Amino acid sequence: MSESPPTAPVCYRHPGRETYVRCTRCDRPICPDCMREASVGHQCPECVNEGRRSVRPARTAFGGGTAGRHGYVTKALIAVNVLFMLLSIASDRGGDAALGGSGFGGLMGGPTPLTNWGSVLGLAVLPDGTLGGIAEGQWYRLVTAMFLHYGLPHLLLNMWALWVLGRSLEANLGRVRFAALYLIAGFGGNVAAYLFSAQNATTVGASTAIFGLFAALLIIERKLGRDISRIIPILVINLVFTVAVPGISIPGHLGGLVVGALMALVLAYAPRGRRTLVQVAGGAIILLILLALAFFRSAALLG
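Values in this document were obtained by computation on a predicted structure and should not be read as measured data. (Residues numbered from 1 in each chain as written. Predicted model: local features only at pLDDT ≥ 70, side-chain atom pairs only at ≥ 80, totals over all residues. Heavy atoms only, no water.)

Attention shifts here to helix α6 (residues 175-196). Along its 22 residues, α6 runs 32 Å from first to last C-alpha, staying within 8% of the 32 Å computed at 1.5 Å per residue. Within α6, 16 of the 22 residues are buried, which leaves it mostly tucked inside the rest of the structure. (Helix = DSSP H or I, 4+ residues; strand = E, 2+ residues; numbered from the N terminus. Expected span 1.5 Å × (residues − 1). Buried < 20%, exposed > 50% of the residue type's maximum accessible area, 1.4 Å probe, protein only.)

Direction vectors running N to C along α6 and helix α9 (residues 250-269) enclose 145 degrees, while the axes themselves pass 7 Å from each other. Considering only the axes of α6 and α9, their crossing is right-handed. Seen from α6, the contacting residues are R177, L181, I184, A185, G188, G189, A192, A193 and F196; seen from α9, they are P251, G252, G255, G256, V259, G260, M263, A264 and L267. Looking at side-chain class alone, the contact of α6 with α9 contains 11 nonpolar, six polar and one charged residues. (Axes fitted to C-alpha atoms, helices over the stretch in contact; angles between N-to-C directions. Left-handed = near helix turned anticlockwise from the far one by under 90°. Contact = heavy atoms within 4.5 Å. Nonpolar A, V, L, I, M, F, W, Y, C, P; charged D, E, K, R; others polar.)

In the structure shown here, the tally under the stated rule is three salt bridges. R17 serves as the salt-bridge partner of D33, at 2.4 Å between the closest nitrogen and oxygen. Separated by 16 residues along the polypeptide, D33 in the segment before β1 (36-37) and R17 in the segment before β1 bring together distant segments of the chain. Overall, the relative accessible area of 34% leaves R17 in the partly exposed class. For the salt bridge of R226 with E221, the shortest nitrogen-to-oxygen distance reads 3.1 Å. On the basis of relative accessibility, which here comes to 40%, the residue R226 falls in the partly exposed class. (Salt bridge = Lys/Arg side-chain N within 4 Å of Asp/Glu carboxyl O.)

A few words now on the nonpolar core. One finds L162, L169, Y182 and L213 to be the most contacted residues of the largest nonpolar core, which totals 60 residues. For this core, the secondary-structure elements that each account for two or more residues are α2 (72-91), α5 (152-173), α6, α7 (207-223), α8 (231-244), α9 and α10 (275-302). In terms of residues, this core owes the most to one element, α7, which gives 11 residues. In this view, L162 contacts T74, L77, I78, R167, F178, Y182, I210 and L213; residues no more than four positions away in its chain are not counted. Listed in part, the seven residues of the second largest apolar core include C23, C31, C44 and C47. (Core = buried A, V, L, I, M, F, W, Y, C linked by side-chain atoms within 4.5 Å.)

Attention now moves to the packing of α8 against α9. Each pair of packed helices can be summarised by the angle the axes make with each other and by the distance between the axes. Running from N to C, α8 and α9 point in directions that differ by 155 degrees, and their axes come no closer than 9 Å. Between α8 and α9, the crossing angle belongs to the class labelled roughly antiparallel. Judged by the twist between their axes, the crossing of α8 over α9 is left-handed. Where α8 approaches α9, its residues L235, L239, T242 and V243 are matched on the opposing element by I250, H253, L254 and L257. Looking at the contact of α8 with α9 residue by residue, the class counts come to six nonpolar, two polar and no charged. (Parallel < 35°, antiparallel > 145°, perpendicular 65-115°, else oblique.)

Purely spatial values, then, with no claim about function.
Set out below in structure tokens:
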């Protein structure tokens, strides 16, 4: 009695095709249409897809995602600042149309109804005759002030700095960590302006966050072992400009610088094993301290 010849294996996805090639991962037979080249031999489509899902996404040296190299957060922050400028102009429809003063709805500098609403202000009588300010419960001012500007030159200077500093920091930190750095530094600068300025003085501008980015860039670049000699003179010039030019909020700039440096230290030197936990906890502690200082200032003004 003769034995029947052994049947050739067929592709598991195409039963009508004979093949003697097997997936190096699951050992199932695969035809040429199903072969996916691997480091050793070939794999089937399912094993290739499973391998892709199991690969951990690339991270930056500080735990952020590599998508930060596209600068999406930097561009979004610039867009928000520009939008607030347009809203500020629109809010001053009945304002002075001359080149001096606020000019063209605040375009040439000076306050508008929107900057009056959103600036850092301790406690004062508002243009509508009501009492307002952070001490009166208008806590939103500590956030909105970092997106408002007194005129187009003020906006352009800050946005240029944000474009230069932001893209580098976002690429190194990742999107979420960079956004946290920017917002916490800006908030810290506004709290400092609230603490150390006259209660009826107003402060607006992204400069509080920008100075935090300057400090962060020094720390991050130093941590990465890069040369920071080109950054220091620019920071010194900005500090001299802050002190020498009247009308600039010295507490706001210096506060943003200090808080930005503290947040950058948390992001840069968090231990690798518990990096995200330490970074989140460090940012939360900084925010709580800032809020406590703001509450203390409010109590002093109302007491």
